[in-house]
Amino acid sequence: MQTGFKLHLLVGTLVLLLILFPTVHWGIIPFGMIPFVAIALMSGAVLPDIDQDSSIPRRVLNGAVFVISLFIFASLFQSNWWLFSRPYGDLMAIALAVLLPFGAVWLVDLMMPRHRGILHSGWAAALFGFVLFLALALINFGLFNAAVIGASGFVGWITHRAVDFLGDRA
Ligand SMILES: [Zn+2]
């Protein structure tokens, strides 16, 4: 059995439901937290495969990097108009418009750890949960809520590891 995107989504959803039904019902997790817990857990369940070239999260990342690079180019272009209006400035602008997004995606590919490397470790799971917790605590989400969401992200990431471990290492 190959452990693909859909399987990670499916197992993530099952674990999410298993956690949500009792904790929300008994008032341990507030009702309003349901969407945030779901987003954190499901993100954790699918994000580790960002280290695999053709995976869905990786394609989303590459697409986002490409589009953001185009925006960066556009703002460079506007704030350095004088540079691009000089001789050959038009050619430079066109070259930059192509090189910047493709170069950025190439850099992401270069820096990405190998598939099922560090991103598939418990350390990555813990780091993901901690970063979520820290970010939400810093924007005044409340310590308890931030901790719940951080823990959800951690649990999601762990379900990914469990599925990869039980499935074929394809
Ligand atoms: Zn994986």
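Since we're looking at a predicted model, the values are computed, not measured.

Peer 1: Explain the overall build of the chain residue by residue, including any values.
Peer 2: Helix and strand counts for the chain come out as seven helices and zero strands. Along the chain, helices and strands appear, N-terminal first, in the series α-α-α-α-α-α-α. Principal-axis analysis of the C-alpha atoms places the extent of the chain at approximately 70 × 40 × 25 Å. Burial status across the chain gives 22% buried among its 170 residues. Across the chain, every contact between residues at least 6 apart in sequence was considered, and the portion connecting residues at least 24 apart equals 73%.

Peer 1: Break down the packing of helix 1 (residues 5-25) against helix 2 (residues 34-46) for me, with residues and values.
Peer 2: Put simply, helix 1 and helix 2 touch, their axes get as near as 9 Å, and they point 150 degrees apart. The way helix 1 lies across helix 2 gives a crossing that is right-handed. For the pair helix 1 and helix 2, the contacting residues are Phe 5, His 8, Leu 9, Val 11, Gly 12, Val 15, Leu 16, Leu 20 and Val 24 in the first and Ile 34, Val 37, Ala 38, Leu 41, Met 42, Ala 45 and Val 46 in the second. Split into classes, the residues belonging to the contact of helix 1 with helix 2 amount to 14 nonpolar, two polar and no charged.

Peer 1: How would you explain helix 6 (residues 122-138) if you had to name every residue and give the values?
Peer 2: In this model helix 6 runs 24 Å from its N-terminal to its C-terminal C-alpha over 17 residues, within 8% of the 24 Å that 1.5 Å per residue would give. Burial in helix 6 covers these residues: Ala 124, Ala 125, Phe 128, Gly 129, Leu 132, Phe 133 and Leu 136. Elements that come into contact with the buried residues of helix 6 comprise helix 2 and helix 7 (143-166). Backbone geometry just downstream of helix 6 places Asn 140 in the positive-phi region, at approximately 60 degrees.

Peer 1: Please give an account of the domain arrangement of the chain that cites residues and values.
Peer 2: Each domain of the chain was delimited in the assignment, giving domain 1 (1-52 + 115-170) and domain 2 (53-114). A straight line from the C-alpha centre of domain 1 to that of domain 2 covers 31 Å. Taken together, the contacts link eleven residues of domain 1 with ten residues of domain 2. Of the residues that constitute the side of domain 1 that touches domain 2, the class distribution is six nonpolar, three polar and two charged.

Peer 1: Go over the nonpolar core with me, naming the residues and quoting the values.
Peer 2: Grouped together as the largest cluster of nonpolar side chains are 24 residues, with contacts concentrated most on Val 37, Leu 41 and Ile 149. Secondary structure elements with two or more residues in this core: helix 2, helix 6 and helix 7. Counting residues per element, this core draws most heavily on helix 7, at seven residues. Leaving out residues up to four positions away in the same chain, Ile 149 has contacts with Phe 36, Val 37, Ala 40, Leu 132 and Leu 136.

Calculation rules
Residues numbered from 1 in each chain as written. Predicted model: local features only at pLDDT ≥ 70, side-chain atom pairs only at ≥ 80, totals over all residues. Helix = DSSP H or I, 4+ residues; strand = E, 2+ residues; numbered from the N terminus. Buried ≥ 20, exposed ≤ 12 C-beta atoms within 10 Å, placed from the backbone. Contact = placed C-beta atoms within 7 Å. Axes fitted to C-alpha atoms, helices over the stretch in contact; angles between N-to-C directions. Left-handed = near helix turned anticlockwise from the far one by under 90°. Nonpolar A, V, L, I, M, F, W, Y, C, P; charged D, E, K, R; others polar. Expected span 1.5 Å × (residues − 1). Domains from an automatic or database assignment. Core = buried A, V, L, I, M, F, W, Y, C linked by C-beta atoms within 7 Å.

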